[in-house]
Amino acid sequence: MAPFFVPQNYSTVINYIKLIFLLAMIQFGRTGLSQQSGEVVGQLYSDGSLVKITFKDGIITDIVPQTPGNETIDHFIAPGFIDTQLNGYANESFSVEGLNVDKVDKITTSLWKEGVTTYVPTYVTSPKTIYLDNLKVLADYIENHPNGGCTPGAFLEGPYISPIDGFRGAHNLKHVRDPDWKEFESFIKASNNHIIMIGVAPEQPGAMDFIKKTLDKNIMVSLAHHNGSMEQVKEAVGLGATVSTHLGNGCANHIHRHDNPLWPQLSEDNLTPSIIVDGHHLRREEVRTFYKVKGPENLMLVSDAVFLSGMPPGEYEWAGKKVVMTAEGKLRMPDQDVLAGASFPIHTGISNVMNYTGCSLNDAVNMATRVPARVFGFTDRGSLEKGKRADMVVLTRENGKVVVQKTIVNGKTVYTK
Ligand SMILES: [Zn+2]
């Protein structure tokens, strides 16, 4: 008979490893496996001054000014990027069958090389079972996985959006439906209260009542893929809708010059738009205009990246439809002449917004860190301050592009170029 601690078969070995892992997690805390101490020296992204940032147990403990020496330090330290609209990455998606915790973690860890330390998993318009199954998986990941702290919760971009071609974008018409509170309650339950935002078309039947109930549950409302009138946008904002999802997209190609959903969303002070500045979704002049109207403190960069991000050019199938990835990284759905999400990570947006608007690195980075953190209420991250999570990116600027050199999550270096 073997001694009691020698596993006798494969499943016992797995259970044995799981037990050791569990004990380690209890020992170090839920995100404890990645909590480390250390320091990083570089130029502060906000003003270029030389600093040393120290951190302990995953938290920033001090930011100390340094006297420049003979050595040239050309890299910047910025807060870890926060992407509040990410449909998938690295060949995995939140809205397909068969999602599991390992696949979610593959997305999390793949994003580290892009400097993304926090992201909001985004669920596109899907059948009910996809939401129920995949939100459960996300809840498990958030609550039990050591890297769960990288995802504060889910954004349901659909299914309560406009069914009309153009406004609907690449969302599948078959599954678009009117706001349904009972159904949404079942999604909240499946997610174990980890839905943090839902997109709604305010012109759809029952939308205002749905928005009210959603906000009562402390879930944010964004206006997404809609053709809301001035009155409807005003009413939704009055109720407490705070975000315009990828402003300038999710909109028909031909709209009325006066009565269209863009003007009211631009004119509402209490709406913070997200924008996809990947070089394809918006023209340079649109980005410049949105930037001038809203300002860097009221505009968020998002990637809207999909599972094909990082894949080579070619034809792919997505939810039963053909999508084409062009050599320039444009993802198109040819049968409807619409863009099928984006393929570039959020730092592409940081580079482009600086090139388009002439804004500073400080403003561009804030649109992908501090602003989303404020809008979404992520109080423990989004800026380099004592007491915040030690989520940081070391970056350089090369030929008009931001290049991620190193990513630190919760005080642990998780990526080095
Ligand atoms: Zn969209």
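Residues numbered from 1 in each chain as written. Predicted model: local features only at pLDDT ≥ 70, side-chain atom pairs only at ≥ 80, totals over all residues.

**Comments concerning the overall build of the protein chain**
And step 1. Within the protein chain, the secondary structure is distributed over 11 helices and 21 strands.
And step 2. Counting only C-alpha atoms and orienting by the principal axes, one finds that the protein chain spans roughly 70 × 65 × 45 Å.
And step 3. Pairs at least 24 apart in sequence give 68% of the contacts found in the protein chain among residues at least 6 apart. (Helix = DSSP H or I, 4+ residues; strand = E, 2+ residues; numbered from the N terminus. Contact = placed C-beta atoms within 7 Å.)

**Let's talk about the nonpolar core**
And step 1. Counting 109 residues, the largest nonpolar core has A154, V200, I275, L301, I350 and V353 as the members making the most contacts within it.
And step 2. Here the element with the most residues in this core is helix α3 (residues 128–144); it accounts for eight residues. (Core = buried A, V, L, I, M, F, W, Y, C linked by C-beta atoms within 7 Å. Buried ≥ 20, exposed ≤ 12 C-beta atoms within 10 Å, placed from the backbone.)

**Some remarks on the pairing of strand β10 (residues 195–200)**
And step 1. The element β10 is extensively covered by neighbouring structure, given that six of its six residues are classed as buried.
And step 2. Pairing of strand β9 (residues 154–156) with β10 involves three bridges; the strand directions are parallel. Across the sheet, the residue bridging to A154 is I195, located in β10.
And step 3. Once the chain exits β9 it traverses helix α4 (residues 181–190) before rejoining the sheet at β10, and the crossover so formed is right-handed.
And step 4. Two elements, β10 and strand β11 (residues 220–223), share four bridges in a ladder whose sense is parallel. Within β11, the residue paired with G199 across the bridge is S222.
And step 5. Of the crossover connections in this fold, the one passing from β10 over helix α5 (residues 207–216) to the parallel β11 is right-handed. (Pairing = 2+ DSSP bridges. Right-handed = clockwise from strand over helix to strand, strands pointing away.)

Honestly, it's all geometry; don't read function into it.
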